[in-house]
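Each chain, letter by letter, is given below.
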Amino acid sequence: MLPFTLEKAQTVEEAMAAATAGARFIAGGTTLVDLMREEVERPERLIDINALPLADIHVEGDALVIGALARMADVAAHPEVQALQPLIAESLIEGASPQLRNMASIGGNLLQRVRCPYFRMLDAPCNKREPGSGCAAIDGLHAGHAILGTSNHCLATHPSDLAVALVALDATMRVMGPQGERNFPVEDLYRLPGDTPHLEHTLLPGELIIDVHVPAGAYSRRARYLKVRDRASYEFALVSAAAALDIEGGRIREARLAAGGVGTRPWRLRAVEEALIGKAPDRPAFEAAARLAVQDARPLKHNHYKVELLPRTIVRALEMTGEVA
Amino acid sequence: MTTSVIGKPLPRVDGRAKVTGGARYAADFNQPGQVYAVIVSATVGLGRIAGIDSAMAESMPGIIAVITHQNAPRLPYGEHKSYIDPAVGERLHVLQDDRVRFYGQPVAIVVADTPDRAERAASALEVVYEAERPTVDPSDPTVTPIVPEAAAGHADTSRGDADGRLAGAPVKIDQIYEIARENHNPMEPHATIAAWSGDRLTLWSKSQFVVNEQAEIAAIFGIPAGNVQVICPFIGGAFGTSLRTWPHVTLAAMAARQTGRAVKLVLTRKQMFFTTGHRPRTLQRVALGATADGKLTSLLHEGSGETSRYEQFTEALTSASGYMYSCPNVRTQYRLRQLDIGTPNHMRGPGEASGIFALECALDELSYVLGLDPVELRRRNEPEIDESENKPFSSRSLMKCYELAAGHFGWSRRAPEPRSMRDGRLLIGMGMASATYPAYHAPSSARVRLLPDGTAEVAVAASDMGPGTYTSMTQVAAETLGLPMDQVRFSLGSSDFPPAPSHGGSWTMASVGSAIRAACIAVQEKAARQAVADQRLPVFGAALDAIEWTDGRLRRPGDLSAGQSYGEVVSSLGAPIEAEASSQRDKDAAERYSMHSFGAVFVEVAVDPDVGTIRVRRAVGAYGIGRVVNPRLAASQCTGGMIGGIGMALMERTVLDPRDGRPVNAHMADYLVPVNLDIPRLEAYFVEEVDPHVNPLGVKGLGEIALVGMAPAVANAVFHATGKRVRTLPIRIEDVLTA
Amino acid sequence: MIDREPTSSNAEAGSRPVPTLPISRRTVLQMTGGAASLVTIPNMSAQSAPAPGQIGKALERVRLIVNGEARELELDPRQSLLDVLRETLDLTGTKKGCNQGACGACTILLNGRRVVSCLTLAAMHDGAEITTIEGLAKGEELHPLQAAFIQHEGLQCGYCTPGQIMSGVGCIAEGHAGSPEEIQFWMSGNICRCGAYPGIVAAIADAAERT
């Protein structure tokens, strides 16, 4: 780990000022400290933002508002989260471990770095870590990598389960920066790698995530998160799906779907959603729609199985929405 | 005997130390003035170091030393080879030349006053390599399998005409099985704290074989073994990885000598995948020929394991195929494939775990071809004797194991047809496999001291990596001496104690236990001899064969008086009474009998037909392991072995990048082992078995067989659930996705 | 999940493709960051590393309440809480298993919540109350969960045990110990390589009933 200085911000303004001058925010530290120890992250100045009043969880109108510093565990356990947006609670407890969920903030969760072994290895080329150095995964081992949204420069998947749920639920986020406040869909936080994989998100210098707004939909209570992996817990997703359905009169009126483990960012599945509208919620309809998820898939040698696994995961997640009590 | 404690389910004597944080593992022995060493690992897979620029690293804050091959002392590396080392080849000589033999080989060591500063400087050290492309894939066409030199005699075995009979067999199976490289990944990383005092060295070091580590480090540094003490009272799991003394121990001692400070060196989790051994990747062919009613007529087992270029690591990959079943025509072949990797080593159930996977899956395949129940197929091929050696088994309870485990499992409820059982949407599969492991007994010594307060101290340079050596050995001593458990203090884990064999191969109970029993008997004799010469004691003048120790008291047989306690005898004599004794296998028994543990494992899996997830739902094992010293610890060890087997079957795999040999998943989040939620109900049963031949305690060993058999039982259950035969471990989601 | 390249590579097996990659020597060199026949691996530190000695504010003054006792410390901001406990305070009961948040061996209670101390920067927790395995028993009297771990065989080698117990204390306090299945789910952040999981679950279930 490289040496750094540590300061504690007492106000959002203080934090933004420091960040504008090049400092990095730290909250739970579960990603940042880990990557600093690997020297993948090399901040010279850290701003501890845990004292900022951004951990509140409440309801505004019909929207759930989650403060950026709320901890994963607290959000998952919050009665209003469980009542209004059970998908968020489910995606959270499927992630990481109880200890990490006690530590990790919502803002930090959304800004997690990618899961690519070469990204963590300073002795391997990685365009994300060192622009222009090459991608070790493309010709190397990439079975855990993305099949959607990839480029010739990067294949790494975004690891957040929560982000998949939020993207499915049309959540928006509020950020504060030197130029003031901005609101935008969580989906727009993430960039595709393209030829600039070192740029992962759309935050401007000095911007701080304040909170996340999740609008209620008729589909919100009929929503499930399915995470497919080799062991039952404490593992990143091979493939995951967040599914929410609004069914009326035996027909799907609205659908919300997103996938994890397959895209270079949390992957909204709009074509699948559209194909479901007006259909009876049965397996043939789910299967027909889910096939559309992999239309644009670009698998490589070792991750071809995800092309098969993704539609199956979507079908199963859609079925599970019918198992909600 | 009223005080009998062998066979009792007693709690661990070291339990309190372990639940309070009081148990001290190697890295817990902080020393005054201690500094921290970090290894710099090679970032190429083959080649040479063209240059190292230490200047920047040396100038960083807190840096005490940067040691590379350029400035490292030339160490004597005197000859030393234990049975735990490969018989052919020479250990890695660390920092002695510019060669890089495999990815992750140590190329430098940085010592600093804090761990963070040492890590930073290690990362900043500039090393320039001339790199070549390593060969790390055992099936690379350039790799020619070789006959292991040390095992040349039994690398090939044959009886009858296996190949000829296979060709003409009415029913046959001929398949290839593969097992991935696995790393032991104990929770405790390898760690050594080294401190010199003049030419004497103390090592607090994670080791399953402290007396060998003592001798090896002494040979490497060219000092008398008596100048080295190795201390390791607790091992945080090892499963074989700490049997050998790996390069980091030498590096810690070297750094301590160069800096004149006590040096703590702990491997990173990533480095645990480089230089501390692994279960070798194996390729195996098993071919079975049988009559239509399921009698084996031919058995072929050809296997090869990977090894390094500098040592020939061998294990008993094919040996169980010679004695497991009755078959007149058997041929086995064992080969090595030399690669640019670090040397593999023994990992829980070495050899047998891999070989039995292939054999037991092949038997299962044959059962379906024959339309015969897999248990019944095995029953029909149960041998009368060990046909590979033409000797009777000292004990073999495999039929009883099938019966016991199948009964508890409810095997009779299994529908024979694959993919025919369901629970809701889930596909249910039931599979079984046999297990075996040799019942070894290695020479060991032990020392017992009787103290005036009536207690006894027992010491052996043995180890306890978790099975409960502290507890079971205390039981043996308490039983033999006729003392309550809390009157016996057992110490292990110091090279100053009487020598024990390596803590592995399931032989600790047999070897160390028998030595302790012998030492207890010896100290009783010595005490009796002294007592009859002591005028102050009632037994004065008695003939030695006219008195005996019963329930911890010395008296004449039939004497209803209290007799004399150890404390009374010792107090009267005025000094502790001490005896040392050793034990080894009876040569005659070894010549007359074939000695093995046997077991049977039954497993139920559920496979999600949509997304391919495979979960073990329950498992039942039954084992014939001779006498069970502590059923409570034994059951825990068995279920632990089953869990290790679940990992082997469904999760564990170290993947090397073929371009430079780097382990790509050298991380606990990427090298998967089972977590709590993966573990279903597990049951272990023991067949009543008396084996008077193996050793005086009648124990056959448990640690290895607890894992052997689990992986094939899971694989066979996966086939039964899905109809898809997967012959490669680990079995993963994509393997069954399109079943 | 990182690599799922088919394991099979034996051509005779025929069951899976052979993953032979047409990798030239040049590819290997690119792979390791070099340009010519010499491969330099400076760990890419030269550009961004501060010059030696130039390390900003060297030490942070921090006060930690460890097992009820106030400790005044001067810390390098890089120091993890785990290293401070083990190396500075010589409280070696808390174990380092992976130092990457992937095993749970270093679990402690930080202001009453279970966290992994390896990913916790000690200097960020001025004034925090920390409970480690050494602080659980009341004198000679074991905490009920410690006693239950012995009684139910919740351990073998003992190395993950302090982390399991501290995590178990957290699990019970959170109200996540209502059934064996619930305990299994909420204890899956603590790896036990010996496989003492059945005993761990039994111990936590028992202690949860008694507390």
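The structure presented is a predicted model; accordingly, all values stated were derived computationally and were not measured.

Here we look at the nonpolar core
Move 1: Among the nonpolar cores identified, the biggest contains 429 residues, and B:V110, B:V714 and C:I204 are the most heavily contacted of them.
Move 2: Tallying contributions element by element places helix α12 (residues 508-532) of chain B first for this core, with 12 residues.
Move 3: When sequence neighbours within four positions are dropped, the list of residues in contact with C:I204 reads C:L145, C:G168, C:C171, C:I172, C:A177, C:I183 and C:M187.

Side note on the UniProt feature "domain: FAD-binding PCMH-type" (unreviewed entry) in chain A
Move 1: Here, the residues flagged by UniProt with the feature "domain: FAD-binding PCMH-type" (unreviewed entry) are residues 1-219 of chain A.
Move 2: End C-alpha to end C-alpha, residues 1-219 of chain A measures 46 Å, and it is 25% helix and 18% strand.

Digging into the environment of C:M124
Move 1: Its place among the elements puts C:M124 in the loop between β5 (113-116) and β6 (129-131).
Move 2: Taking the C-beta count within 10 Å as the criterion, C:M124 has 21 such neighbours and is therefore assigned buried.
Move 3: Spatially, the C-alpha atom of C:M124 lies 9.4 Å from that of C:L81, the residues being 43 residues apart in sequence.
Move 4: In this view, C:M124 contacts A:L6 and A:D48; residues no more than four positions away in its chain are not counted.

Topic: helix α4 (residues 161-173) of chain C
Residues and elements named next belong to chain C.
Move 1: An ideal rise of 1.5 Å per residue puts 18 Å on 13 residues; α4 measures up with 18 Å between its terminal C-alpha atoms.
Move 2: Along α4, 12 of the 13 residues are buried, which leaves the element largely enclosed by surrounding structure.
Move 3: Positive phi appears at G175, one or two residues downstream of α4, with a value of about 80°.

Thoughts on the sheet that holds strand β23 (residues 548-550) of chain B
All names here are of chain B.
Move 1: An order of β23-β24-β25 is seen for the 3 strands of this open sheet, with the pairing classed as antiparallel. Of all the strands in the sheet, the pair left with one neighbour each is β23 and β25 (564-565).
Move 2: Here β23 pairs with strand β24 (residues 553-555) via 3 bridges, running antiparallel. When the sheet's bridge partners are listed, E548 is paired in β24 with R555.

Let's talk about the packing of helix α15 (residues 631-650) of chain B against helix α16 (residues 710-722) of chain B
Residue and element names in this part refer to chain B.
Move 1: Between α15 and α16, whose axes approach to 8 Å, the crossing angle comes to 55°. Compared by their axis directions, α15 and α16 come out oblique. Where α15 crosses over α16, the two elements pack in a sense that is right-handed. Between α15, through G641, M642, G645, I646, M648, A649 and L650, and α16, the contact on the second element is made entirely by M710, A711, V714 and A715.
Move 2: Of the residues assigned to the contact of α15 with α16, the class counts are 9 nonpolar, 2 polar and no charged.

So, the UniProt feature "domain: Aldehyde oxidase/xanthine dehydrogenase a/b hammerhead" (unreviewed entry) in chain B
Move 1: According to UniProt, the feature "domain: Aldehyde oxidase/xanthine dehydrogenase a/b hammerhead" (unreviewed entry) maps to residues 20-133 of chain B in the numbering used here.
Move 2: Along residues 20-133 of chain B one finds 13% helix and 32% strand; the C-alpha atoms at either end are 49 Å apart.

Considering the pairing of strand β10 (residues 191-197) of chain B
Residues and elements named next belong to chain B.
Move 1: β10 sits mainly inside the fold: 5 of its 7 residues count as buried.
Move 2: In this sheet, strand β13 (residues 263-266) lies alongside β10 in antiparallel orientation, the contact comprising 4 bridges. Among the inter-strand pairings, T192 is bridged to a residue of β13, identified as L265.
Move 3: In this antiparallel pair of consecutive strands, β10 and strand β11 (residues 200-205), the connection spans 2 residues, and G198 shows a positive phi of 65°.

Observations concerning the packing of helix α11 (residues 469-481) of chain B against α12(B)
Residues and elements named next belong to chain B.
Move 1: At a minimum axis separation of 9 Å, α11 and α12 run at an interaxial angle of 30°. With respect to α12, the axis of α11 lies roughly parallel. You can see that α11 and α12 cross each other, and the crossing is right-handed. On the side of α11, the interface is formed by T469, S472, M473, V476, A477, T480 and L481, while α12 contributes T508, M509, V512, G513, I516, R517, C520 and I521.
Move 2: Counted by class, the contact of α11 with α12 contains 9 nonpolar, 5 polar and 1 charged residues.

What about the sheet that holds strand β11 (residues 251-260) of chain A?
Residue and element names in this part refer to chain A.
Move 1: Reading across from one edge, β9-β10-β11-β12 is the order of the 4 strands in this open sheet, with antiparallel pairing throughout. Pairing within the sheet leaves two strands with one partner each, and these edge strands are β9 (223-228) and β12 (267-268).
Move 2: Relative to β12, β11 runs antiparallel, the two being bridged by 2 bridges. Within β12, the residue paired with A258 across the bridge is R268.
Move 3: Across the sheet, helix α5 (residues 86-93) lies against β9 and β10 (239-248), angled at about 15° from β9, the strand it touches most.
Move 4: Sitting on the sheet, helix α8 (residues 161-168) touches β9, β10, β11 and β12, and the angle it makes with β11 is about 150°.

Comments concerning the domain arrangement of chain B
Residue and element names in this part refer to chain B.
Move 1: Looking at chain B, the domain boundaries give domain 1 (30-132 + 187-237 + 242-273), domain 2 (282-440 + 590-736) and domain 3 (442-584).
Move 2: Tallying the contact residues gives 18 residues for domain 2 and 16 residues for domain 3.
Move 3: Split into classes, the residues belonging to the side of domain 2 that touches domain 3 amount to 11 nonpolar, 6 polar and 1 charged.

About the thresholds
Residues numbered from 1 in each chain as written. Chains lettered and ligands numbered in written order. Predicted model: local features only at pLDDT ≥ 70, side-chain atom pairs only at ≥ 80, totals over all residues. Core = buried A, V, L, I, M, F, W, Y, C linked by C-beta atoms within 7 Å. Buried ≥ 20, exposed ≤ 12 C-beta atoms within 10 Å, placed from the backbone. Helix = DSSP H or I, 4+ residues; strand = E, 2+ residues; numbered from the N terminus. Contact = placed C-beta atoms within 7 Å. UniProt positions renumbered as here; feature names shortened; annotations may be inferred. Expected span 1.5 Å × (residues − 1). Pairing = 2+ DSSP bridges. Axes fitted to C-alpha atoms, helices over the stretch in contact; angles between N-to-C directions. Parallel < 35°, antiparallel > 145°, perpendicular 65-115°, else oblique. Left-handed = near helix turned anticlockwise from the far one by under 90°. Nonpolar A, V, L, I, M, F, W, Y, C, P; charged D, E, K, R; others polar. Domains from an automatic or database assignment.

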